[in-house]
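Observations on the three-dimensional arrangement
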Amino acid sequence: GAGVSQTPSNKVTEKGKYVELRCDPISGHTALYWYRQSLGQGPEFLIYFQGTGAADDSGLPNDRFFAVRPEGSVSTLKIQRTERGDSAVYLCASSPSPGLHYNEQFFGPGTRLTVL
Amino acid sequence: SQQGEEDPQALSIQEGENATMNCSYKTSINNLQWYRQNSGRGLVHLILIRSNEREKHSGRLRVTLDTSKKSSSLLITASRAADTASYFCATDRDTGRRALTFGSGTRLQVQP
């Protein structure tokens, strides 16, 4: 079956602009995660959805970052007033219902965001 | 902040040799996982070991976990050029929080 997909694969924007990054999880996966990865580092957690609700948004760096998952499937990560420090690869992952598969997460290919 | 730290940061070996990577973490965990990443993009899940397990095998992979030392190792036997990638350990804490905390990774280069 299809894996996690993310669009766009690359996004170049200017400082101060607004961007939206999209994630399509694996069908039937109720949990969805966003991570951010800077060059040479491991991914850092941003936010976790269980169904439509954000179960844990403790990783969002500030109020410029927001994410939604209105129908419990596709999710959009929104970044307002982008800064050069937001440049990174944004990774989305999904996993089956909690308690199954011991939290193995399936990652998408990521969106490389460059803020000029 | 990153909980896990991999060691070494970079490793270069010849095809056919074994590669060993280590990971240390700081808090109590439910599970520890290893992921592989090619070319800085999507991560691929390799293996998961639960906190009550000490060793696990999957094909050419062997993972050990020592919760008393808060450390894990990943052994890749008979390495191949296709194993060239970055390898990350990731933990989820025993508080029930499902977010994974990743280390900074080991960059493995397997020379043909």
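Notes on the structure in this doc start here. (Residues numbered from 1 in each chain as written. Chains lettered and ligands numbered in written order. Predicted model: local features only at pLDDT ≥ 70, side-chain atom pairs only at ≥ 80, totals over all residues. Heavy atoms only, no water.)

Description of the sheet that holds strand β1 (residues 5–7) of chain A
Residue and element names in this part refer to chain A. With respect to topology, four strands assemble into an open sheet ordered β1-β3-β8-β7, the strand pairing being antiparallel. Two strands close off the open sheet at either side, each with one partner strand: β1 and β7 (65–68). Taking the axes of each pair of neighbouring strands and ignoring which way they run, one obtains an average angle of 15° across the sheet. Relative to strand β8 (residues 75–79), β7 is paired through four bridges, and the arrangement is antiparallel. (Pairing = 2+ DSSP bridges. Helix = DSSP H or I, 4+ residues; strand = E, 2+ residues; numbered from the N terminus. Axes fitted to C-alpha atoms, helices over the stretch in contact; angles between N-to-C directions.)

A few points about the interface of chain B and chain A
Listed per partner, the contact involves 23 residues of chain B and 31 residues of chain A. For the pair chain B and chain A, the summed buried area comes to about 2,000 Å², and 45% of that belongs to carbon and sulfur atoms. Counting every contact that joins chain B to chain A gives zero salt bridges. Linking chain B with chain A are seven residue pairs in polar contact (both at pLDDT 80 or more), by the criterion used here. Contributing elements (two or more residues each) for the side of chain B that touches chain A: β4 (29–37), β5 (43–50) and β9 (85–93) of chain B. For the side of chain B that touches chain A, the per-class residue count stands at seven nonpolar, 10 polar and six charged. (Contact = heavy atoms within 4.5 Å. Buried area = accessible area lost by both parts, 1.4 Å probe. Salt bridge = Lys/Arg side-chain N within 4 Å of Asp/Glu carboxyl O. Polar contact = N/O pair within 3.5 Å; in protein donor to acceptor, adjacent residues only side chain to side chain. Nonpolar A, V, L, I, M, F, W, Y, C, P; charged D, E, K, R; others polar.)

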